[in-house]
Structure formats: structure tokens, C-alpha cells
Amino acid sequence: VQLQASGGGLVQPGGSLRLSCVVSGSISSLNAMGWYRQTSGKQRELVAVVTHGGSTNVADSVKGRFTISRDNAKNTVYLQMNSLKPEDTAVYFCHANIGLFPKSYWGQGTLVTVSS
């Protein structure tokens, strides 16, 4: 199983980015998928998670600005990030729980830099 994240980059404050993460390989059951982020010296933190059925949970720090969604037919999870702030700068990691007895998988991370 592999998770391939993309869509990071440099954006000005107030701008938008859309992250994508595609899951490939032997996937028996793709359960909850999510995005986490990490900055240097800090622990990885949850940004948003979406269940297979589409229920979502978004961190208070990004609520109203970030939206998580998924396309089950494409085994893909998205993170639409609007009104970006410098404090959103981080490496963003996608995550998925896969299998009947769920196992945790991580993508490689994609860097988002919000700066003028």
C-alpha cells in the first residue's frame, strides 16, 4: 500500500491550495482518511479526517477555512485550504486506516509554505 500526496507549494497569505492523496496497492477496505501537519520541533497534529461515509472532523484552528473530502472510487482524499495564514506553514501528511482490522498508513508529506 502506498499513499502519494501532492499539491503543496508556496502561497501568499490569503491564498488557497488543494492537497490530494491517492492510495494505491492492495486495499481491502479503505476506512477513515485524514490530513495531519507538522512543523519543526512540534508534534504532528490532526488537521482533518473523513470517514468512508463522508463524516468529517476538522481542527478548530482551520475550521471554516479548510475542507476535507474524499472520492472513494478513486481512493483519494483532498484537503481544500482557503484563507491560508503563515501559521499554516507545515509539512502536511495524509493518513489512512486500511483493512478489516485497520492498519495505519502514512504518505510522504508535502510542504505548504504560506509567505509573502
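Located above this text is the structure these notes cover.
Residues numbered from 1 in each chain as written. Predicted model: local features only at pLDDT ≥ 70, side-chain atom pairs only at ≥ 80, totals over all residues. Heavy atoms only, no water.

1. Looking at unusual backbone geometry
Even without being a glycine, asparagine 75 presents a positive backbone phi close to 50°. Among the secondary structure elements, asparagine 75 is positioned in the loop between β7 (66-71) and β8 (76-81). (Helix = DSSP H or I, 4+ residues; strand = E, 2+ residues; numbered from the N terminus.)

2. Side note on the side chain of arginine 70
When you line up the elements, arginine 70 lands in strand β7. Of the side chains bearing the opposite charge, aspartate 71 lies closest to the buried arginine 70, which forms no salt bridge; the N-O distance is 8.2 Å. A polar contact is formed between the side chain of arginine 70 and the backbone oxygen of asparagine 31, at a distance of 2.7 Å. Here the side chain of arginine 70 touches valine 50 through a polar contact of 3.2 Å, landing on its backbone oxygen. Apart from the residues within four sequence positions on either side, arginine 70 is in contact with Leu30, Asn31, Ala32, Met33, Val50, Thr51, His52, Thr76, Val77 and Tyr78. (Buried < 20%, exposed > 50% of the residue type's maximum accessible area, 1.4 Å probe, protein only. Lys, Arg positive; Asp, Glu negative; His and termini not counted. Salt bridge = Lys/Arg side-chain N within 4 Å of Asp/Glu carboxyl O. Polar contact = N/O pair within 3.5 Å; in protein donor to acceptor, adjacent residues only side chain to side chain. Contact = heavy atoms within 4.5 Å.)

3. Thoughts on the pairing of strand β5 (residues 45-50)
In the sheet, strand β4 (residues 30-38) pairs with β5 via five bridges, with the strands oriented antiparallel. The residue bridging methionine 33 from the neighbouring strand is valine 50, located in β5. In textbook terms, the turn of a hairpin is the stretch between consecutive antiparallel strands, and for β4 and β5 this stretch comprises six residues, one of which, glycine 41, has a positive phi near 85°. Note: β5 against strand β6 (residues 56-58), three bridges, orientation antiparallel. Of the residues in β6, the one forming a bridge with alanine 48 is valine 58. The turn joining β5 and β6, which pair antiparallel and follow one another in sequence, is formed by five residues; a positive phi near 105° is taken by glycine 54. (Pairing = 2+ DSSP bridges.)

4. Concerning the packing of aromatic side chains
The final tally for this structure, using the stated rule, is one aromatic pair. Pairing tyrosine 36 with tryptophan 106 gives two aromatic rings, centres 4.9 Å apart and planes at 65°, and the pair type is edge-to-face. Of this pair, tyrosine 36 sits in strand β4 while tryptophan 106 sits in strand β10 (residues 103-106), placing them 70 residues apart in sequence. The ring centre of tryptophan 106 lies 4.6 Å from the NZ or CZ of arginine 44, which sits over that ring. (Phe/Tyr/Trp six-rings, centres within 6.5 Å; stacked < 30°, edge-to-face > 60°. Lys NZ or Arg CZ within 6 Å of the ring centre and 35° of its normal.)

5. Notes on the sheet that holds β7
Overall, antiparallel pairing links the four strands, which are arranged β1-β3-β8-β7 in an open sheet. Each having just a single partner strand, β1 (2-6) and β7 make up the two edges of the open sheet. Mean inter-strand twist for the sheet, computed between neighbouring axes without regard to direction, equals 15°. In terms of strand pairing, β7 meets β8 through six bridges, oriented antiparallel. Looking at β8, one finds that aspartate 71 is bridged to threonine 76. (Axes fitted to C-alpha atoms, helices over the stretch in contact; angles between N-to-C directions.)

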